[in-house]
Amino acid sequence: MRITADLTKGELLVNGAKFSVSCKVRTVRDGTRRGHEVVRSIPDNLPYDPRSFPSGLWNVTGVEWQKDKGFDVKTYGPVKIRTDAWQKVKAWELDADGDYRKETDQQVKDAGYLLHYSDSSTTLGCIRIDSPADAERVANFIQRLFEKSEAVQLEVL
């Protein structure tokens, strides 16, 4: 099964149903992220300036429920939908205070891109599903496919 996220249109298409999504990212480049709000890459743990969810075809790798895992419901809503999406990003040099100083030429891998709801209108690059109820609907559909051993792919436009 393939689901499609059109980030320009703000739509996630799942089995004929359309859900509103966004991918607004606060960055140092556009002035919406402060210098002391340092984000680190996954898995390399190096400072970088967050980027939008990478375009392409990715695998959905799991569904994690807040009630089972106990993660922050304000940040991730009731459920995290995991993917294998990743991209190369440029690492940043930090100043003596640990704030962003300047971008380097060092390319590092960044992964950990999810689909989830959040109380915040921004994410660190994840696709934000616009309501907790919609996030649950999407996750339940994916979980039923997983229970039947069906693969789920996410196409991001």
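Residues numbered from 1 in each chain as written. Predicted model: local features only at pLDDT ≥ 70, side-chain atom pairs only at ≥ 80, totals over all residues. Heavy atoms only, no water.

A few points about the pattern of salt bridges
- Scanning all chains against the criterion turns up 11 salt bridges.
- Note that Arg26 and Glu37 form a salt bridge whose closest N and O atoms lie 2.9 Å from each other. Taken together, the positions of Arg26 in the loop between strand E3 (17-22) and strand E4 (39-40) and Glu37 in the loop between E3 and E4 put the pair 11 residues apart, joining distant regions of the chain.
- Between Arg101 and Glu93 there is a salt bridge, and its shortest N-O distance comes to 1.9 Å.
- Its relative accessible area of 29% is what places Glu93 among the partly exposed residues. (Salt bridge = Lys/Arg side-chain N within 4 Å of Asp/Glu carboxyl O. Helix = DSSP H or I, 4+ residues; strand = E, 2+ residues; numbered from the N terminus. Buried < 20%, exposed > 50% of the residue type's maximum accessible area, 1.4 Å probe, protein only.)

A short note on the layout of surface pockets
- In this model, the largest pocket occupies a volume close to 390 Å³.
- As for the largest pocket, its lining consists of 23 residues, of which Tyr76, His116, Thr123, Leu124 and Cys126 are closest to the centre.
- At the level of secondary structure, the elements contributing two or more residues to the lining of the largest pocket comprise E4, helix H2 (73-76), strand E7 (79-83) and strand E10 (114-116).
- If one sorts the elements of the lining of the largest pocket by residue count, H2 sits on top with three residues. (1 Å grid on protein atoms, 1.4 Å probe; cavity = no way out; pocket = protein on both sides within 12 Å on 5 of 7 lines; lining within 4 Å. Points joined across faces, edges and corners; volume = space filled by probe spheres on them.)

Details of the side chain of Ser22
- Structurally, Ser22 is set in strand E3.
- By relative accessible area, which is 16% here, Ser22 ends up buried.

Describing the pairing of E3
- Bridging between strand E2 (residues 11-14) and E3 involves four bridges; their strand directions are antiparallel. Looking at E3, one finds that Glu11 is bridged to Ser20.
- Remark: two residues form the turn of the hairpin made by E2 and E3, two consecutive strands paired antiparallel; Asn15 in that turn has positive phi of roughly 50°.
- Pairing between E3 and strand E11 (residues 127-129): two bridges, direction antiparallel. Bridge assignment links Val21 to a residue of E11, and that residue is Ile129. (Pairing = 2+ DSSP bridges.)

Some points on unusual backbone geometry
- Look at the link from Ile42 to Pro43: it is a cis peptide, with omega at 10°.
- In this structure, Pro43 sits in the loop between E4 and strand E5 (47-48).
- Non-glycine residue Asn15 carries a positive phi angle of around 50°.
- As for its position among the elements, Asn15 is in the loop between E2 and E3.
- Residue class for Asn15 comes out exposed when judged on its relative accessible area of 53%.
- The phi torsion at Asn45 lies on the positive side, around 60°, for a residue other than glycine.
- Here Asn45 is to be found in the loop between E4 and E5.
- For Asn45, a relative accessible area of 47% puts it in the partly exposed group.

Observations regarding helix H3 (residues 132-147)
- With 16 residues, H3 should cover 22 Å at 1.5 Å per step; its first-to-last C-alpha distance of 22 Å lies within 8% of that length.
- Within H3, the full set of buried residues consists of Asp134, Ala135, Val138, Ala139, Phe141, Ile142 and Leu145. Summarising the axial view, the buried residues of H3 lie within an arc of 160°, below the 170-degree limit, and thus occupy one face.
- After H3 finishes, the residue Ser149 shows a positive phi value of roughly 60°. (Expected span 1.5 Å × (residues − 1). Arc of directions from axis to C-beta.)

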